[in-house]
Amino acid sequence: FDRGQKYPNGKTEVTCKYCEQTYHLNLRRNGTNTMNRHMRSCEKTPRSTPRISRKVDMMVFREMIAVALVQHNLPYSFVEYERIREAFTYANPSIEFWSRNTAAFDVYKIYEREKIKLKEKLAIIPGRICLTTDLLRALTVESYICLTAHYVDVDGVLKTKILSFCAFPPPHSGVAIAMKLSE
C-alpha cells in the first residue's frame, strides 16, 4: 500500500500497489485490518513472495549462541537439539551445524577474552583493589569458594568482579584455603 493524502478528519488515503484500489482509513483508530483483508482477497497481490535468505557469518552466529548458552544457563547440547536445528534451518538454510564440544570451546573462548579484558581493566584502575572470599556450601554438601575483587574504576564507579569460583573439598582450614586460591 502507498500512503496518499492525509485529511483533516484524521483519515488517510491508501492505495493498493497491485490493483490500485483506494481506501480512506483512519489508521490511528482502525489500524491496518482493512489493508490486511484487502491483501488476502486482492487477486493481483502476489501470494507467495520468495523467502530471501542472506549469508550467515557462522563465527558471529556461533558466538551469539555461545553467549545465549551462558546467559540462559543452557546445556552445550542445546546446539544439537533436533527442533533447534530445524528452527535454524528454517531461518536460514545455509547455516552449518556444530557439536556440543564446539559450543563448549566457543564459551571457553569468550571466557578467555573476558578474562584478558578484566586483567587490562584491573591494571589501569587508579586506586586499590579489595579482595573478599566467601565459602559456600550447596545442599548436596559440596563446598565452593569465591574470590571477588571490589574496586573503583576510572569513572569513579564501584565495581565488583568475581575472579575465581571453584569447588572446594574439605578440609576447610586456613592453610587449605590459601593453597586453593593460589592455584
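So, here's what we can say about the structure. Quantities reported herein were computed from a predicted structural model and do not represent experimental measurements.

**Focus: the packing of aromatic side chains**
Taken as a whole and judged by the stated rule, the model has six aromatic pairs. When the centroid spacing of 5.0 Å and the interplanar angle of 80° are considered together, the rings of phenylalanine 61 and phenylalanine 88 count as edge-to-face. Here phenylalanine 61 is found in helix α3 (residues 58–71), whereas its partner phenylalanine 88 is found in helix α4 (residues 82–91), with 27 residues between them in sequence. Both residues of the pair, phenylalanine 61 and phenylalanine 88, belong to the buried class.

**A few points about the packing of α3 against helix α5 (residues 100–124)**
The description of two packed helices rests on the angle between their axes and on the distance between the axes. With their axes 9 Å apart at the nearest point, α3 and α5 run at an angle of 80° to one another. Relative to α5, the element α3 is oriented roughly perpendicular. In contact with Met59, Arg62, Glu63, Ala66, Val67, Leu69 and Val70 of α3, α5 contributes Thr102, Ala103, Asp106, Val107, Lys109, Ile110 and Arg113. Taken together, the residues of the contact of α3 with α5 break down into eight nonpolar, one polar and five charged.

**Points about the sheet that holds strand β6 (residues 158–167)**
The strand order across the open sheet built from three strands is β4-β5-β6, with neighbouring strands paired in antiparallel fashion. The outermost strands of the open sheet, each flanked by one partner alone, are β4 (130–137) and β6. Strand-to-strand twist of the sheet, defined as the mean angle between neighbouring strand axes without regard to direction, takes the value 20°.

**So, a nonpolar patch on the surface**
Among the surface-exposed residues, Ile129, Leu131 and Leu163 lie close enough to one another that they form a single nonpolar patch of about 250 Å² accessible area. Position of leucine 131 among the secondary structure elements: in strand β4. Classification of leucine 131 by relative accessible area gives exposed; the value is 51%.

**Describing the nonpolar core**
In terms of nonpolar packing, the biggest core is built from 14 residues, with Phe61, Ile65 and Trp98 touching the most fellow members. Taken together, the elements giving at least two residues each to this core come down to α3 and α5. If you tally residues by element for this core, the top one is α3, at five residues. If we skip the residues at most four places from it in the chain, tryptophan 98 touches Met58, Phe61, Arg62, Ile65, Val79, Glu80, Arg85, Phe88, Ala103 and Asp106.

The rules behind each value
Residues numbered from 1 in each chain as written. Predicted model: local features only at pLDDT ≥ 70, side-chain atom pairs only at ≥ 80, totals over all residues. Heavy atoms only, no water. Phe/Tyr/Trp six-rings, centres within 6.5 Å; stacked < 30°, edge-to-face > 60°. Helix = DSSP H or I, 4+ residues; strand = E, 2+ residues; numbered from the N terminus. Buried < 20%, exposed > 50% of the residue type's maximum accessible area, 1.4 Å probe, protein only. Axes fitted to C-alpha atoms, helices over the stretch in contact; angles between N-to-C directions. Parallel < 35°, antiparallel > 145°, perpendicular 65-115°, else oblique. Contact = heavy atoms within 4.5 Å. Nonpolar A, V, L, I, M, F, W, Y, C, P; charged D, E, K, R; others polar. Pairing = 2+ DSSP bridges. Patch = residues over 30% accessible without salt bridge, like charges linked within 9 Å, V, L, I, M, F, W, Y side chains within 5 Å. Areas by Shrake-Rupley, 256 points an atom, 1.4 Å probe, with all protein chains shown as cover. Salt bridge = Lys/Arg side-chain N within 4 Å of Asp/Glu carboxyl O. Core = buried A, V, L, I, M, F, W, Y, C linked by side-chain atoms within 4.5 Å.

These results come straight from atomic positions and should not be treated as a statement about function.
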